[in-house]
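If you want the building blocks of each chain, they are given just below.
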Amino acid sequence: MEFRQRFWDKIDKTSSENGCWLWTASCNNYGYGQFNLNGKMRLPHRLTLAQHLGRPLLQGMVATHQCPGGPNRKCCNPTHLKEASIIDNMQDMVRDGNSIRGIKHPKCKLTEAQVLEIRASDKSQKELAQIYNIAISTVSDIKIGYTWAWLENPKK
């Protein structure tokens, strides 16, 4: 089967009420479609955007989802995609509430309230690490604002 037919057979252009073209084949661990092209796994939304632009995406750029109903990782509709820098994509994710920072992260051990308690505490970093069952370096990162930076630091 030719590449184009094999690729487009995996996209449903009609079932989404928001006009998304949904990838119906396998997805990676992050929920993005994946397509084997010449022995290498590719992201279908990048492929459709590149085809729409008539060129490969520029080096260091990503295809960001701008779907009307909110970002949809399975969407391959090039009119819902935009070429952008990784930084722009991350800022969009934070602005739109789609980032997995803080308590949304699957490995998160602390609540926002606990982070604020750590920042406000006068106890040693070793004591705080034992109390919250985290590494001393994690306490340090919280105290200096390297992590959880979007939370207001009461000592500032």
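Conventions used here
Going along each chain's sequence as written, the residues are numbered from 1 onward. Where totals are concerned, whole chains, interfaces and linings use all residues; where local detail is concerned, this predicted model gives features only for residues with pLDDT of at least 70, and gives and counts side-chain atom pairs only at 80 or more. By convention in this description, side-chain values take in all heavy atoms of the structure and omit both hydrogens and water. Going along the chain from the N terminus, every DSSP run of H or I of four or more residues is numbered as a helix, and every run of E of two or more is numbered as a strand. Our radius of gyration is a C-alpha quantity, and the globule rule it is checked against amounts to 2.2 Å times the number of residues to the power 0.38. Only protein chains enter the calculation, and the probe is 1.4 Å; a residue is then buried if its accessible area is under 20% of its type maximum, exposed if over 50%, and partly exposed in between. Any two residues whose heavy atoms approach within 4.5 Å are treated as being in contact. For this document, the term salt bridge refers to a Lys or Arg side-chain nitrogen within 4 Å of an Asp or Glu carboxyl oxygen. Pairing of aromatic side chains here covers Phe, Tyr and the six-membered ring of Trp, requires ring centres within 6.5 Å, and sorts the geometry by plane angle: under 30 degrees stacked, over 60 edge-to-face, intermediate tilted.

Of the regular secondary structure elements, the protein chain holds 6 helices and 6 strands. For the protein chain, the succession of helices and strands along the chain, N to C, is α-β-β-β-β-α-β-β-α-α-α-α. Relative to the globule expectation of 15 Å for 156 residues, the C-alpha radius of gyration of the protein chain, 21 Å, shows a markedly less compact shape. For the protein chain, the spread of C-alpha atoms along the principal axes amounts to about 65 × 30 × 30 Å. Counting across all 156 residues of the protein chain, residues that qualify as buried make up 29%. Long-range contacts, defined as pairs at least 24 residues apart, comprise 47% of the intrachain contacts of the protein chain with a sequence gap of at least 6.

The next thing to look at is the pattern of salt bridges. Per the stated rule, a full pass over the model turns up 2 salt bridges. For Arg55, the salt bridge is made with Glu83, and the minimal N-O distance between the two is 2.6 Å. Of this pair, Arg55 sits in the loop between helix H2 (44-53) and strand S5 (61-65) while Glu83 sits in strand S6 (residues 81-85); the two residues are 28 residues apart in sequence, bridging distant segments of the chain. For Arg55, a relative accessible area of 32% corresponds to the partly exposed category.

Turning our attention to the packing of aromatic side chains. All told, the structure shown has 6 aromatic pairs when counted by the stated rule. Taken together, a centroid distance of 5.5 Å and an interplanar angle of 45 degrees make the contact between Phe7 and Trp23 tilted. With Phe7 in helix H1 (residues 3-8) and Trp23 in strand S2 (residues 22-23), the pair connects residues that are 16 residues apart, well separated along the chain. A residue is classified by how much of its surface remains accessible, and Phe7, at 2% relative accessible area, is buried.

From the geometry alone we can't say anything about function, so treat these as descriptive.
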